[in-house]
Amino acid sequence: MMDPSLIGKPACLALLLLTAGPVARASAADATFPVTIKVDAARPQGELKPIWRFFGADEPNYATMKDGRKLLEELGQLGPHQVYFRAHNLLTSGDGTPALKWGSSNAYTEDAKGNPVYDWRILDRIFDTYRDRGLEPYAQIGFMPQALSARPEPYQHEWRPGLPYNKVYTGWAHPPKDYGKWAELVFQWVKHDVERYGRAEVERWYWEVWNEPNIAYWQGTPEEFHKLHDFAVDAVRRALPTARVGGPDTAGGGGPFLRGFLEHCLRGTNHATGAQGTPIDFLSFHAKGAPKVVDGHVQMGIANQLRTIDGAFAIIASFPELKDKPIVIGESDPEGCAACQGPQLGYRNGTMYSSYTAAVFARKHDLAEKHGVNLEGALTWAFEFEDQPYFAGFRALATNGVDLPVLNVFRMFGKMGGRRLAVKSSADAGLEAILKAGVRGVPDVSALASLEGKRLTVMAWHYHDDDAPGADAAVELSVSGLPMAGGQARVQHYRIDETHSNSFAAWKRMGSPIAPNEQQYGQLEAAGKLAPMEAPATVGVDKGQAVLRFALPRQAVSLVVLEW
């Protein structure tokens, strides 16, 4: 999805903001402010679902390249065979050479007589790369092969950052000239995967049709999309009757388009079978924020993203038949274009992105609870861009094989699990206030907590929409209801801030080398890993309560792990 505000920004200002990074710390004259965070281990709530375990990218072929393979390995380590990856262009025609917002597999061509020719080699290599590193496919059925497109020319786009985004939409975005051939392509693909990977494995995957069909990614009508979807889903189910199918992965909450799609799936006439309704095992839409430049600094738009989720959840909850259906927010990000560059995107390399991610994911859980819906996942549309300059300002998890600070938030999430615990913070901005106005006044300092066995975890963040200096929070973390009257609990404190888990800050301290030497590269790799704030320690427990105190700088994220 494209944010129109990305167009036409001065490149010099963009470069300045992208390489300068945030100035998040206050001056010495600024006082800290007190924050009390209370966690009650005796009040477990529902399961803390690992909604964070979904990732994706426009460019599927990066997965098989050197830095792509490296990053997939790290994503797989977050939770073996629990992490899913979604990619565009899996059925797009081409030789597999990637470019920004482009990829291909050449899975479908036709011979001189118009007969289908299937070639699964590139697709197999992509999915093999996922699975060899412990990831599972979130298989997007699209885009339209050139030989099937109703308007095949021009086909491969020539878009690059700075050009009008509508140059992206070429022959791959059009409906098929033959829906029967489209369905057979999907059937043969799923049949091949079942034969290659086994029925039980493919049953674990998600299958969805297309991307953002409510905007120009789909050059047809809503009704034509229903037809495309029906034929594809019927083909998936003919190849594997137990396959997990869903959609529609709309741009934004989808509004009337989403409602019309759900009505069609529940009560409409299926274009492929003539029966009533279309199978739907999970529901998907997209949600994006809206950063901008204000007074020379980036101001995030967390309210935009959360309001989109709030609205889409409300639509889904209005259908009684769907309230229990799993929901995957198929792209969930601070803004709408990972491959774009611009001054308002200067948050990406540093701790603004990581603190935003911690704060927004916690509120996704809150919104699901508010609407009584079943949130299963929220997919981060960020991966890596192969052979680009270091810290080039794309929305990514790593740069040239060096992890960015935001990836460490997901490493923190990977250490959490079990039951969610009740949290009260004296500086929580409040869900409804954030929905209304974002975090523009006082900062949002709060936490997400979980309990699993004899292990309690607390993720605390210090977030503000404005990438500007601010005072540290003096946090008093009080954990009550521990199942021990006294004694000691082990404490491990992880941190993302200017000096911990932050390769971008380390690169700037080196002088921002264009081509780091071997020693520097090793240092950057190490700086990109999740770092402890201090050595493991112990804390006293008295009558089931433990208290920890620490400073939490603006844009910092902490993970405190207690074990006993």
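Above: the structure in question.
Because the structure is predicted, anything quoted here is derived from the model rather than measured. (Residues numbered from 1 in each chain as written. Predicted model: local features only at pLDDT ≥ 70, side-chain atom pairs only at ≥ 80, totals over all residues. Heavy atoms only, no water.)

Student: In this structure, what is going on with the pattern of salt bridges? I would like to understand it.
Tutor: Side chains bearing opposite charge may pair, as long as their charged atoms lie close to each other. As enumerated under the stated definition, the model contains 40 salt bridges in all. Linking lysine 288 and aspartate 333 is a salt bridge whose minimum nitrogen-to-oxygen distance equals 2.6 Å. Within this pair, whereas lysine 288 is found in strand β9 (residues 282-288), its partner aspartate 333 is found in strand β12 (residues 326-333), the two being separated by 45 residues in sequence. Judged by its relative accessible area of 6%, lysine 288 falls in the buried class. One salt bridge in this structure joins arginine 495 and aspartate 497, with 3.1 Å as the shortest N-O distance. Where salt bridges share partners, they join Arg86, Glu208, Asp249, Lys288, Glu331, Asp333, Glu335, Arg348 and Arg395 into one cluster. (Salt bridge = Lys/Arg side-chain N within 4 Å of Asp/Glu carboxyl O. Helix = DSSP H or I, 4+ residues; strand = E, 2+ residues; numbered from the N terminus. Buried < 20%, exposed > 50% of the residue type's maximum accessible area, 1.4 Å probe, protein only.)

Student: Explanation requested: the pairing of strand β8 (residues 244-250) in the structure shown.
Tutor: On any regular strand, side chains alternate: one points to one face of the sheet, the next to the other face. Summarising burial for β8: six of the seven residues are buried, a large majority. Both strand β7 (residues 206-209) and β8 contribute to a ladder of three bridges, which runs parallel. By the bridge assignment, tryptophan 207 is partnered in β8 with valine 245. Remark: the β7/helix α6 (residues 222-239)/β8 crossover connection has right-handed handedness. With helix α7 (residues 255-267) bridging β8 and the parallel β9, this β-α-β connection has right-handed handedness. (Pairing = 2+ DSSP bridges. Right-handed = clockwise from strand over helix to strand, strands pointing away.)

Student: Sorry, what's going on with the packing of aromatic side chains here?
Tutor: How two aromatic rings sit relative to each other is set out by the distance from centre to centre and by the angle between their planes. Evaluation of the coordinates by the stated rule reveals 44 aromatic pairs. Both rings, one in tyrosine 138 and one in phenylalanine 282, keep their centres 5.9 Å apart while their planes meet at 70°; by these two values the pair is edge-to-face. Of this pair, tyrosine 138 sits in strand β6 (residues 135-141) while phenylalanine 282 is found in strand β9, placing the two residues 144 residues apart along the sequence. On the basis of an interplanar angle of 70° and a centroid distance of 5.1 Å, the ring pair of phenylalanine 143 and tryptophan 210 is categorised as edge-to-face. Note that phenylalanine 143 is positioned in the loop between β6 and α4 (179-197) and tryptophan 210 in the loop between β7 and α6, a separation of 67 residues in sequence. For tryptophan 210, a relative accessible area of 0% corresponds to the buried category. Taken together, the ring pairs connect Phe143, Trp159, Tyr165, Tyr169, Trp172, Trp182, Trp210, Tyr217, Trp218, Phe225, Phe257 and Phe261 into an aromatic cluster. Looking at lysine 227, its charged tip hangs above the ring of tyrosine 179, at a distance of 4.2 Å from the centre. (Phe/Tyr/Trp six-rings, centres within 6.5 Å; stacked < 30°, edge-to-face > 60°. Lys NZ or Arg CZ within 6 Å of the ring centre and 35° of its normal.)

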